[in-house]
Amino acid sequence: MSNEYITLISSDNHHFIISKPAAFVSNTLKNALNLNFKESETNIIKLNENSLVLNKICEYFYYNLKYKDQEIDVPEFEIPTEMALELLVASDYFDC
Amino acid sequence: MLSRKSKIRPPKKNLSNDVNFEKSWSILSQSIDQILNQNASNLSFEELYRNSYNLVLRKFGKQLYENVKNQISDHLLGINSRILLNKDSMVKVNEIWESHQISMRMISDVLMYLDRVYCKENHLPLTYDIGINLFRDKIIKLNDNKIGNHLNYLVMEQITLNRNGLITDFFIIKSILKMFEALIEDELNLENGENFYLKYFEPFYIEKTHQYYENISLELFNHGNGSEYLNKVNDLILNEENKCILYLSSISLPKLNDLINKILITSKIENVLKLSNDGLKSWIQHSKQDELSLLYKLLKKVEYFDALIAQINEIIIDDESLTLREQLKQDEGKKSKIVTIAIDYIGQVIKLKAKYDTILNYFQNDPILQRNIENSFIEILNSKGTKISEYLSYFIDEFIKKSKERNDDEIEEFLNSSIIIFRFIKDKDLFEKFYKNHLAKRLLKNSNDLEKLLISTIKNEIGSSFTLKLEGMFKDMNISKDLSAKFNHKNFQINILTKTFWPIQPNPSEIILTPVLESLQKQFNQYYSDLYSGRNLSWLYNFGTIDIRIKFNKKIHELNCPTYCGIIILLFEDIEELTFKQIKELTKIPNSDLIRSLLSISVAPRTRILTKSPMSKEIKDDDIFKFNHNFSAPMTKVKILTVINKIETDQERTTNLKEIEEDRKFEIDATIVRIMKSKKILSHNELLVEIVKQLKRFKPSPQFIKRRIDNLLEREYLKRDDNDRTTYHYLA
């Protein structure tokens, strides 16, 4: 079952354990896990984001996973204004 | 949201750090090298991705792109130099291809950000495609397709070996061909789909396949054995069909099948059919189901029947001259009666038709072939002019006369065969003429249910206008039966024939009847004119019969004889002897009829009611006839038949033909007028087409029609156009 979860490590060394489907929302993470690189064996990915931003990103993965097929009554994803620019860059990096 | 005042944090400090291209590239380059050498499991995707991401973000995209391209290119050139051209090249290249694809997938994923941003913006091929194109240029096509050609050759060699019966590894062939298909020729123009497979492999494959099957089919043909050819070709095609789907691209399948069918079937079949010892002729002669069915199956595949049709036609004509003409010659040699000839001939035709029906059955009753075979029959049967119409009429006549002895199956078969041959007759009006004569004679003797059955069969076949007059004859017979019953005279029965329905013309000369007969005739004439005033009766004595009871020396006999014979015999009621001249004066029977009648009652061996002196077959004016009291016969009832005069039947035939000619003139004239009346103006050719379309009963020659048109022009039913002489106008 451990296969079903992967660990994301932030630059300030916080560990975020999320499900694979959630991680797969990001094409970057998906490629990292699916190809024959080190990450596919360890299921651990070290990232260059701080824990605050990474936390929000993980939140988004689950939000996306939950609502992507839902057409009505989708709640807005809350983005703290001060984090907006960081998240914008991150979404480009994660391709999601 | 607006109310909340907060400061937006600037993104990422690390981006503000200077990115060193050389440093990042050296990490990437090393890793790409490891990936290309299938040694990537220690690499961190995230690290590589981040490096390429940063490079692209810092506008090093172009440099990165070019560097990656060169690195892959160098790597492939290195591999190329290690590939040896030998039997194992296929496996080797396939291995390299497989791993190159995996490597490229990994590299392109690491460089995902490059693809997404740099390539898209600059409309350049993606990294993965670069890798594939480089594989094409640096491995397969390097040095004038050196490796590509070698692979083509190896693949073809394996396929040829397999065609010759050896076991082949189709997996490797299929992989190589799939690789060829993946190597796009023109990367900027993906739509036209040109790839290495289509450009280099397929033409080579088609050419080699062509050579291979051309050789094999020639060799097979040279064995000179048609059945062998068919079977082998069938096997070859089946084998090829089963095998090629294992390796060949579906794009090439139709081309391949067409090619093989064309080489093995279309181009050779004509000569194969012509093979003398084991070709079409022998299969047809021996009704070979296996060969003919297989032949049909193969021809159906290519939808090519021309050669078969032409040859069947020839064979039918040969067959006809072998069987039918031979039969005719035999019969004519033996001076057989026309009835015998007719029955033999029709019998042979039916046999021949049955034979080809069986063969047609082997051809799945293909409608095209059926039509062509029937046309061949029409051609041969009508090539003998009017004979077929006459023979069929005799054939039917003979069968119906003897139909009491036949069972239902035989009758069914008779009806079928008659209608088949009827269908083959072009000049149906001629047949009608012959048939009507026979029918008239039969009806006046005694009617038969079979007649009506046959007429309705013919009616179904061609329509009621053809049978109208024939049906009129039946109607007359029915009315006459009622009339005789009403007239109610126990010794008298009459048939009243409507002149236009019957092929019998009234005899203009009146003859002298004996008093008894005369009074009976008067009585009936009276009765009939009371019944239908204004109708004229003419008496046709030569179709009637008289029954007479006579007491001879030994026994009383009941004679059933033609009217004329009866009248002559009745003369001798009071007188012992008369000369020919006296009989003639006393009866006024026309000369030829009188001679015939006298021959049948004085010379015919079994019915010598009179004695003639001198006893000879010729009759002269002074010959003396006496009543023969010593006449005897085994049965009480004696039937006297009229001697048939052969010259007369020949005459009948020529008059028939003349009448037909006349009838046809009328019919064509009527048709022309009818057409012109509705169309008003028509060109000569249009008119010809119309006429032929409307005339069902016979097929007139264009010259004949032309003469009729000329005749109508003379009679001013039509006139020529003033400007265009080939166009006619209708004159009201």
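All values reported here derive from a predicted model rather than from experimental measurement.

A. Structural view of the sheet that holds strand 6 (residues 637-639) of chain B. Residue and element names in this part refer to chain B. The strand order across the open sheet built from 3 strands is 1-2-6, with neighbouring strands paired in mixed fashion. A single partner strand is all that each edge strand has here, and the edge strands are strand 1 (545-551) and strand 6. When strand polarity is set aside, the average angle formed by the axes of neighbouring strands in this sheet is 25°. Taken strand by strand, helix 24 (residues 563-571) contacts strand 1 and strand 2 (556-562), and its axis lies near 130° from that of strand 2.

B. Region of the structure containing the sheet that holds strand 8 (residues 718-720) of chain B. Residue and element names in this part refer to chain B. Pairing is antiparallel across the open sheet formed by 3 strands, whose spatial order is 7-9-8. A strand with exactly one partner marks an edge of an open sheet, and here the two such strands are strand 7 (681-683) and strand 8. Pairwise comparison of adjacent strand axes, ignoring direction, gives a mean angle of 30° for this sheet. The pairing of strand 8 with strand 9 (residues 727-730) spans 3 bridges and is classified as antiparallel. Across the sheet, the residue bridging to Leu-718 is Tyr-730, located in strand 9. Relative to the sheet, helix 28 (residues 684-694) contacts strand 7 and strand 9, its axis offset from that of strand 7 by approximately 95°.

C. Seen up close, helix 2 (residues 45-57) of chain B. Residues and elements named next belong to chain B. Compared with the 18 Å implied by 1.5 Å per residue over 13 residues, the 18 Å span of helix 2 between its first and last C-alpha is a close match. Of all the 13 residues making up helix 2, 11 are buried; the element is thus mostly covered by neighbouring parts of the structure. Within helix 2, burial applies to Phe-45, Glu-46, Leu-48, Tyr-49, Arg-50, Asn-51, Ser-52, Tyr-53, Asn-54, Leu-55 and Val-56. Phi turns positive, to about 65°, at Lys-59, one or two residues after helix 2.

D. Highlighting helix 17 (residues 367-382) of chain B. Residue and element names in this part refer to chain B. For helix 17, with 16 residues, the first-to-last C-alpha span of 22 Å sits near the 22 Å given by 1.5 Å per residue. Among the residues of helix 17, those classed as buried are Leu-369, Ile-373, Ser-376, Phe-377, Ile-380 and Leu-381. The buried residues of helix 17 occupy an angular sector of 125° when the element is viewed end-on, so they sit on one face. Facing away from the buried side of helix 17 by over 90 degrees, the exposed positions are Pro-367, Ile-368 and Arg-371. Those residues of helix 17 that are buried lie in contact with helix 15 (306-333), helix 16 (338-362), helix 18 (387-401) and helix 19 (408-424).

E. Just the packing of helix 15 of chain B against helix 17 of chain B, in detail. Residue and element names in this part refer to chain B. Viewed as axis vectors pointing N to C, helix 15 and helix 17 meet at an angle of 35°, and their least axial separation amounts to 10 Å. Judged by the twist between their axes, the crossing of helix 15 over helix 17 is right-handed. Here Ile-309, Ile-312, Asn-313, Ile-316, Ile-317 and Glu-320 of helix 15 lie close against helix 17, whose contacting residues are Leu-369, Asn-372, Ile-373, Ser-376, Phe-377 and Ile-380. Looking at the contact of helix 15 with helix 17 residue by residue, the classes come out as 8 nonpolar, 3 polar and 1 charged.

F. Spotlight on the packing of helix 1 (residues 21-36) of chain B against helix 2 of chain B. All names here are of chain B. In contact at an axis separation of 10 Å, helix 1 and helix 2 are set at 140° when each is read in the N-to-C sense. Between helix 1 and helix 2, the crossing angle belongs to the class labelled oblique. Viewed along their axes, helix 1 and helix 2 form a crossing whose handedness is left-handed. Contacts between helix 1 and helix 2 involve Phe-21, Ser-24, Ile-27, Leu-28 and Ser-31 on the former and, on the latter, Leu-48, Asn-51, Ser-52, Asn-54 and Leu-55.

G. Molecular detail of the interface of chain A and chain B. Chain A puts 22 residues into the contact, and the matching count from chain B is 22 residues. A class-by-class count of the residues in the side of chain A that touches chain B yields 10 nonpolar, 5 polar and 7 charged.

Parameters and conventions
- Going along each chain's sequence as written, the residues are numbered from 1 onward.
- Each chain takes a letter, starting from A, and each ligand takes a number, starting from 1, following the order in which they are written.
- Under the rules for a predicted model, residues below a pLDDT of 70 receive no local features and side-chain atom pairs below 80 are neither given nor counted, while totals for whole chains, interfaces and linings still include all residues.
- Two strands form a pair only when DSSP identifies at least two bridges running between them.
- Note on conventions: DSSP H or I runs of at least 4 residues are helices, E runs of at least 2 residues are strands, and numbering of each starts at the N terminus.
- Throughout, an axis means a line fitted to C-alpha atoms (over the contacting stretch in the case of helices), and angles, computed between N-to-C directions, take values from 0 to 180 degrees.
- Note on contacts: each residue gets a C-beta atom placed from the backbone, and two residues are in contact if those atoms are within 7 Å.
- Here the expected span of a helix is defined as 1.5 Å times the quantity of residues minus one.
- Every C-beta atom is placed from the backbone, and the number of other C-beta atoms within 10 Å of a residue's own sets its class: buried at 20 or more, exposed at 12 or fewer, partly exposed in between.
- Picture the helix axis, draw a direction to every C-beta atom, and the arc is the one those directions span.
- Note on convention: the crossing is left-handed when the near helix lies turned anticlockwise from the far helix by less than a right angle, right-handed when the turn is clockwise.
- Residue polarity follows a fixed list, in which Ala, Val, Leu, Ile, Met, Phe, Trp, Tyr, Cys and Pro are nonpolar, Asp, Glu, Lys and Arg are charged, and the others, Gly among them, are polar.
- Should an angle fall under 35 degrees it is called roughly parallel, over 145 degrees roughly antiparallel, and 65 to 115 degrees roughly perpendicular, with every other angle called oblique.

No statement about biological role is implied by the geometric values presented.
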